[in-house]
Amino acid sequence: MAPSALLVSRQTAPVTPSSSSSPALAVTFAGGVTVEQAAPGALPLSLDDAIARGLTRNLQIELDTETERTVHGEILAVGNSLLPSLRATAYTNAEEIDLAALGFKPSSLAAFGFAPGAIKTIVKVDTTDAQLSLDQPLFNLPDYYLYRAAQKAADVASLNLLNTRGAVVLAVGTQYLAALADQAQIANAQALEQADQEVLRQATLSHDAGVGTNLDVLRARVQLQTQQQALVQAENTFAKDKIALNRLIGLPAGQELTFTDTVPYAELAQLPLDQAKALAYQRRKDLLTLEAQLEVAERASKAVKYERIPSVAFSGYYGVLGETHGLYHGVFAAQGILRIPIFEEGRFRGESEVATAQQLAL
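Residues numbered from 1 in each chain as written. Predicted model: local features only at pLDDT ≥ 70, side-chain atom pairs only at ≥ 80, totals over all residues. Heavy atoms only, no water.

(A) Local environment of the overall build of the protein. From N to C terminus, the protein includes eight helices and eight strands. Buried residues in the protein amount to 26% of all 362 residues. Counted over contacts in the protein with a minimum sequence separation of 6, partners at least 24 positions apart contribute 77%. (Helix = DSSP H or I, 4+ residues; strand = E, 2+ residues; numbered from the N terminus. Buried < 20%, exposed > 50% of the residue type's maximum accessible area, 1.4 Å probe, protein only. Contact = heavy atoms within 4.5 Å.)

What follows is the structure, encoded as structure tokens:
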């Protein structure tokens, strides 16, 4: 996950993870664009609040969530091709047909014993039809493997989302701890500055009393100025780290923060290298995502491979047909369909090369 992607957070309606956090002010510009403004005073912020804000407002998490929803929708669309399709249709039809306009001549039926006026040239037809149709694929390997690939793609989307959430938690936690470290550096620099001020005061008193030299005073003054510069640098670093943290959790850059959590020193637990590697192979979401992507590519390759195999399907309907307000009679049709691809080798080879390239890319 690129660090720049984690720095993008949306600044819309304020989110307050805890009751101690006061929301920032929001200003709406023309076009409906809402931008938060820094709230007056410092915003109390704990580590849990910072992580909660990051998980709520990070833009990459929202994009991955939408991708996951899209993949779930595609699974339904692909899986529908393997399910029976049942349709109910009904219609009523009223027509008036001019047989003479179609070339029919009543006199031509005289040879069959019909009187010339026995058959009218204007015929009215009023029929009603109701049908229940069924289409069911019986054997279609390409659609089956495409469905399996879509199922695995859902796992890829879920793992990507988990990976992004973990990266956001890590980035926000790291930035919060960096800001705490900056505060400690400022406190240390202030203590050293006070010590240097005392050294300068004593050097000045010694010089005034005639037991010190100008060099001692100059040395103490230079040391004090150097420490003051170090304090300014520490304060600037703290301000920049707060801005970076605000961007991660979706707060205005100028929002002042008060860090309510402190992290005391604690030794890290030792973990053998073999156990660490075993846990990484089992739990690293980026590795699991790549494995799932490889399986998706393999299933898609099988779907392309089996496109040359004939597919079998069933289609039919049953219904009633007759004159409206008259007699109806049952009608039905049942047929088996065998589809054999012919003259599609170019498309098959192209799709096969694309699938192979995707596998090699992983």
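(B) Just the sheet that holds strand E4 (residues 85–98), in detail. Spatial strand order, E4-E5-E7-E8: four strands in an open sheet with antiparallel pairing. Whereas interior strands pair on both sides, the edge strands pair on one side only; in this sheet they are E4 and strand E8 (328–339). Shown here is a sheet whose adjacent strand axes are inclined to one another by a mean of 20°, direction ignored. In the sheet, strand E5 (residues 122–139) pairs with strand E7 (residues 311–323) via twelve bridges, with the strands oriented antiparallel. When the sheet's bridge partners are listed, Asp135 is paired in E7 with Ser315. (Pairing = 2+ DSSP bridges. Axes fitted to C-alpha atoms, helices over the stretch in contact; angles between N-to-C directions.)

(C) Seen up close, the side chain of Gln136. Looking at the element boundaries, Gln136 is found in strand E5. Residue classification places Gln136 among the buried positions, given a relative accessible area of 19%. Leave out the neighbours within four places in its chain, and Gln136 touches Leu82, Leu83, Pro84, Ala313 and Phe314.

(D) Region of the structure containing helix H3 (residues 59–80). Compared with an ideal rise of 1.5 Å per residue, which puts 22 residues at 32 Å, H3 spans 32 Å between its outermost C-alpha atoms and is within 8% of the ideal. Gln60, Ile61, Asp64, Glu68, Val71, Ile75 and Gly79 are the residues of H3 that are buried. Each buried residue of H3 lies within a common arc of 100° when the element is viewed along its axis, so the set occupies one face. Turned more than 90 degrees away from the buried face of H3, the exposed residues are Arg69, Leu76, Ala77 and Asn80. Put simply, Asn58 is the residue that caps the front of H3, since its side-chain oxygen is 3.0 Å from the backbone nitrogen of Gln60. (Expected span 1.5 Å × (residues − 1). Arc of directions from axis to C-beta. Polar contact = N/O pair within 3.5 Å; in protein donor to acceptor, adjacent residues only side chain to side chain.)

(E) A look at the packing of H3 against helix H4 (residues 141–209). Where H3 contacts H4, the two axes come as close as 9 Å, and the packing angle between them is 165°. Classified by the interaxial angle, the pair formed by H3 and H4 is roughly antiparallel. Of the two elements, H3 crosses H4, and the hand of that crossing is left-handed. Per-class residue counts for the contact of H3 with H4 are twelve nonpolar, eight polar and four charged. (Parallel < 35°, antiparallel > 145°, perpendicular 65-115°, else oblique. Left-handed = near helix turned anticlockwise from the far one by under 90°. Nonpolar A, V, L, I, M, F, W, Y, C, P; charged D, E, K, R; others polar.)

(F) Looking closely at the packing of aromatic side chains. Scanning all chains against the criterion turns up four aromatic pairs. Taken together, a centroid distance of 5.0 Å and an interplanar angle of 90° make the contact between Tyr176 and Phe259 edge-to-face. Taken together, the residues Tyr176 in helix H4 and Phe259 in strand E6 (residues 257–259) connect sequence positions 83 residues apart. Note on accessibility: Tyr176 and Phe259 belong to one class, buried. Through a chain of ring-to-ring contacts, the aromatic side chains of Tyr144, Tyr145 and Tyr306 assemble into a single cluster. (Phe/Tyr/Trp six-rings, centres within 6.5 Å; stacked < 30°, edge-to-face > 60°.)

(G) Just helix H7 (residues 285–305), in detail. Between its terminal C-alpha atoms H7 stretches 30 Å, which fits the 30 Å expected from 21 residues at 1.5 Å a residue. By the burial criterion, the buried members of H7 are Thr289, Ala292, Val296, Ala297, Arg299, Ala300, Ala303 and Val304. Looking down the long axis of H7, one finds its buried residues gathered within 165° of arc, a one-sided arrangement.

(H) Here's a closer look at the pattern of salt bridges. Taken as a whole and judged by the stated rule, the model has twelve salt bridges. As a salt-bridge pair, Arg299 and Glu295 come within 2.6 Å of each other at their nearest N and O atoms. Remark: Glu295 and Arg299 occur in helix H7; sequence separation between them is four residues, near one turn of the helix. By relative accessible area, which is 12% here, Arg299 ends up buried. Because the salt bridges share partners, they merge into one network encompassing Lys152, Asp155, Glu295 and Arg299. (Salt bridge = Lys/Arg side-chain N within 4 Å of Asp/Glu carboxyl O.)

(I) Unusual backbone geometry, seen in detail. Despite not being glycine, Phe343 has its phi angle at roughly 60°, a positive value. With respect to the helices and strands, Phe343 occurs in the loop between E8 and helix H8 (345–361). Judged by relative accessible area, Phe343 falls into the exposed class, the value being 85%.

(J) Representation of the nonpolar core in the model. Ranked by size, the top nonpolar core spans 23 residues in total, and within it Leu45, Val172, Tyr176, Leu245, Ile249, Leu257 and Phe259 carry the most contacts. For this core, the secondary-structure elements that each account for two or more residues are strand E3 (43–45), helix H2 (47–57), H4, helix H5 (214–249) and E6. With nine residues, the top contributor of residues to this core is H4. (Core = buried A, V, L, I, M, F, W, Y, C linked by side-chain atoms within 4.5 Å.)

(K) Representation of the pairing of E7. Pairing of E7 with E8, which is carried by twelve bridges, proceeds in the antiparallel orientation. The residue bridging Gly319 from the neighbouring strand is Val331, located in E8. Two successive antiparallel strands, E7 and E8, enclose a turn made up of four residues, where His325 displays a positive phi of approximately 60°.

(L) View of the packing of H2 against H4. With their axes 9 Å apart at the nearest point, H2 and H4 run at an angle of 140° to one another. On the basis of their axis angle, the class for H2 and H4 is oblique. For the pair H2 and H4, the crossing hand works out as right-handed. On H4, the residues touching Leu47, Ala50, Ile51, Gly54 and Leu55 of H2 are Arg165, Val168, Val169, Val172, Gly173 and Tyr176. Its residues placed into classes, the contact of H2 with H4 shows eight nonpolar, two polar and one charged.

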